[in-house]
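# A look at the structure
Here is what each chain is made of, one letter per residue.
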Amino acid sequence: MARELQRVVAVVGGGLAGIAAAVRLAAAGDRPVVIETRRKLGGRATSFVDPRSGAVLDNCQHVLMGCCTNLLDLYARLGVADKIEWHRAIHWANPPAEPDRMRPGLLPAPGHYTGSFLRMRFLSMAEKAAIARAMWRLLRIGLHGRTAWRGRVFMEFLEETRQPPRAIERFWSPVVVSACNLPVERVAADCAMQVFQEGFLGSRRAGAMGLAAVPLVELYDPAERLIAETGGEIRTGLSAKSLAYDGARITGVVTDEGFVSASAVVSAVPPDRLDKLVSAPLRGADNRLERLSAIEFSPILGVHLFFEQRVLDLPHLVLTGRDTQWMFNKGIDPEGRQHLHAVISGADDWMALAEDAIVERVMADLHACVPRSIGLAPVAFRAVKEKRATFAALPGVERLRPSAEPGTLGLRGGGVRNLFLAGDWCDTGWPATMEGAVRSGYAAASAFLGAGGPVPDLPVSRFSRLLGLR
Ligand SMILES: Cc1cc2nc3c(=O)[nH]c(=O)nc-3n(C[C@H](O)[C@H](O)[C@H](O)COP(=O)(O)OP(=O)(O)OC[C@H]3O[C@@H](n4cnc5c(N)ncnc54)[C@H](O)[C@@H]3O)c2cc1C
């Protein structure tokens, strides 16, 4: 496209939402200018150089699933899809016995986990029957029926389906807190229901677990070339200070190094950051910006541990019934040490702890679930606290999540025509995840282009459909 015909779109924020929007805009022939305050891309899903060891570490292990169709599309566009390792089985600790393994068998969805689920020993037969009963209910409620649960917490659903306390502690809680970053007592029911409906019940492929085989930050390297191909650019180390508004439209972005003039702006920063970029007249003109400060956050803690001995042979382990929910095996590092990574979602209780105390608690959970680790201690560690890891998926949060596109009426509409919103906190129907972020970026780009849209979901199996899921 001739350069003078191209439209410049300023994309504020170079996390997954901003990258996704920019890649789609560039593919359509427009010129995205990504403004990212940090020196690297990836936002909350990235890597850093550990000053103690010089090693490149991810801020936290990031897991994707087979149902993350938009994220996988972005990885394909970036040419990095082959950097994702897939695991079909999920391993659950069952000490002192060997861990249980949940994996799809030969049956089609929604029955694909039945065989391995029946063989798992960390739950009694009565607990498994109760879980099956609740899964049946989730199927029958269907994807749309869950909206009736908005405003309620998931614990109410677990009580209504008479889930035994041990099934909640060992099965429902670890899945829900890992996916939604809030405990079952606080999380919005529809948000938790979505995880089981989309991830467990709809398709055999949906529950496969993907992990990056390279540091997260490397996945974004190709973005620069893709965006530059249409004359766009990524400007890292540049902070947006405000969105310039002339009373009718956005004219560009004021940055700490001058003005970036643009035909349109995609904001791809978290709500608290966007709140700081918006002037009173702009807020008054766009009702998507009115309640940004009402969105609350929930923390996640990631802990890197390095051992001289081999502690874990499995690729990962759910630490059943413990505060540390997951332990990931990151392999052997260049110094020959085993690198494990512990993840604690919904980590409010942990945020005030010093690193030594954190490691002590994580090690107690590891000892309880992996008997061979007893007596061993890490020779090096690094805890990464993310206080504002994700928005808090509390009941009612959906009302605060704005659409990408300015509308004309109502809370979700009414807005400035050339301002588009993206970020995992926007109205994607997904929890705060990499998939949600990419969906939001694609939605913002599509709204600007007037074409495109999200990548379709995985097809729901015929049986799940007949049973009422969709
Ligand atoms: C510890 C942790 C673990 C997680 N685990 C998982 C997981 O296992 N699976 C999963 O799917 N998701 C996980 N997530 C969630 C996932 O990381 C996020 O949902 C996703 O990365 C959000 O992307 P985003 O682009 O919406 O926002 P962000 O990644 O926050 O991107 C916003 C960007 O804007 C930049 N910015 C802010 N202000 C300005 C400004 N004024 N000017 C210029 N730039 C600015 C920021 O530096 C940042 O790069 C996890 C998150 C955390 C923190």
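Residues numbered from 1 in each chain as written. Predicted model: local features only at pLDDT ≥ 70, side-chain atom pairs only at ≥ 80, totals over all residues.

### A word on the overall build of the protein
Here is the rule: To qualify as a helix, a DSSP run of H or I must reach at least 4 residues; to qualify as a strand, a run of E must reach at least 2; elements of each kind are numbered from the N terminus. As defined in this context, the radius of gyration uses C-alpha atoms, and a globule is described by 2.2 Å times the residue total to the power 0.38. Here a residue counts as buried when 20 or more other C-beta atoms fall within 10 Å of its C-beta, as exposed when 12 or fewer do, and as partly exposed in between; the C-beta atoms come from the backbone.
Helix and strand counts for the protein stand at 13 helices and 20 strands. Taking 23 Å as the expected radius of gyration for a compact globule of 470 residues, we find that the protein reaches 22 Å, a close match to that expectation. Each principal axis of the C-alpha atoms in the protein carries an extent, and together these give about 65 × 55 × 40 Å. Put simply, the protein has 470 residues, and 49% of those count as buried.

### A closer look at the sheet that holds strand β9 (residues 209-212)
Operational definition: Strand pairing is assigned whenever DSSP detects at least two bridges linking the two strands. Whenever a helix is involved, its axis is fitted only over the stretch in contact; in every case the axis is a line through C-alpha atoms, and angles between N-to-C directions fall within 0 to 180 degrees.
With respect to topology, three strands assemble into an open sheet ordered β5-β9-β6, the strand pairing being antiparallel. Either end of the sheet is taken by a strand with one partner, and the two such strands are β5 (63-65) and β6 (84-87). Each strand axis lies, on average, 35 degrees off the axis of its neighbour in the sheet, ignoring direction. Here three bridges tie β5 to β9, and the two strands are oriented antiparallel to one another. When the bridges of β9 are listed, M65 appears paired with M209.

### Remarks on the domain arrangement of the protein
Counted only if it meets this: Bear in mind that the domain bounds are from an automatic or database domain assignment. The contact rule is simple: place each C-beta atom from the backbone, and if two of them lie within 7 Å, those residues are in contact. Polar here means any residue outside two lists: the nonpolar Ala, Val, Leu, Ile, Met, Phe, Trp, Tyr, Cys and Pro, and the charged Asp, Glu, Lys and Arg; Gly therefore counts as polar.
Partitioning the protein into structural domains gives domain 1 (3-50 + 215-293 + 397-449), domain 2 (102-207) and domain 3 (297-391). Contacts between the two partners involve seven residues from domain 1 and, on the opposite side, six residues from domain 3. Partitioned by chemical class, the residues of the side of domain 1 that touches domain 3 number four nonpolar, no polar and three charged.

### A word on the sheet that holds strand β14 (residues 264-267)
Strand order in this open sheet of five strands is β10-β2-β1-β14-β20, and the pairing throughout is parallel. What marks the edges here is a single partner per strand, and that holds for β10 (233-236) and β20 (419-421). Strand-to-strand, the axes of this sheet are offset by a mean angle of 20 degrees, without reference to chain direction. Relative to β20, β14 runs parallel, the two sharing three bridges. Bridging from a neighbouring strand, S267 pairs with L421 of β20. Relative to strand β2 (residues 31-36), helix α1 (residues 16-27) is tilted by about 165 degrees, and along the sheet it contacts β1 (8-12), β2 and β14. In this fold helix α8 (residues 221-228) packs onto β2 and β10, with an angle of close to 130 degrees to the strand it touches most, β10.

### Considerations on the site of the ligand
Here is the rule we go by: We call a residue near a molecule or strand when the C-beta position, derived from backbone atoms, sits within 6 Å of it.
Around the ligand, a shell composed of 38 residues is seen, among which G13, G15, G43, C60 and T433 lie nearest. Looking at the shell around the ligand, the elements with two or more residues in it are α1, β2, β5, β15 (297-307), β19 (380-391) and α12 (434-449). If one sorts the elements of the shell around the ligand by residue count, α12 sits on top with four residues. The class makeup of the residues in the shell around the ligand is 17 nonpolar, 14 polar and seven charged. When residues are assigned to domains, the shell around the ligand turns out to be shared by domain 1 (3-50 + 215-293 + 397-449) and domain 3 (297-391), each giving three or more.

### Description of the pairing of β15
Of all 11 residues in β15, eight are buried; the element is thus mostly enclosed. As paired elements, β15 and β19 share nine bridges and run antiparallel to each other. Across the sheet, L301 pairs through a bridge with K385, a residue of β19. By the bridge criterion, eight bridges tie β15 to strand β18 (residues 338-345) in an arrangement that is antiparallel. Residue pairing in the sheet places G302 in a bridge with V343 of β18.

### Points about the packing of helix α4 (residues 125-145) against helix α7 (residues 189-201)
Stated precisely, the cut-off is as follows: Each angle receives one of four descriptions, namely roughly parallel if under 35 degrees, roughly antiparallel if over 145, roughly perpendicular if within 65 to 115, and oblique otherwise.
Axis separation between α4 and α7 bottoms out at 10 Å; the angle between their running directions is 100 degrees. As far as their axial angle goes, α7 and α4 are roughly perpendicular. Between α4, through M135, L138, L139 and L143, and α7, the contact on the second element is made entirely by M193, F196, Q197 and L201. Partitioned by chemical class, the residues of the contact of α4 with α7 number seven nonpolar, one polar and no charged.

### Focus: the pairing of strand β17 (residues 326-332)
Across three bridges, the pairing between strand β16 (residues 316-318) and β17 is antiparallel. By the bridge assignment, V318 is partnered in β17 with W326. The pairing of β17 with β18 spans five bridges and is classified as antiparallel. Opposite N329, over in β18, you have L340 as the bridge partner. If you look at the hairpin formed by β17 and β18, you'll find five residues sitting between the two strands, and G336 has a positive phi there, around 80 degrees.

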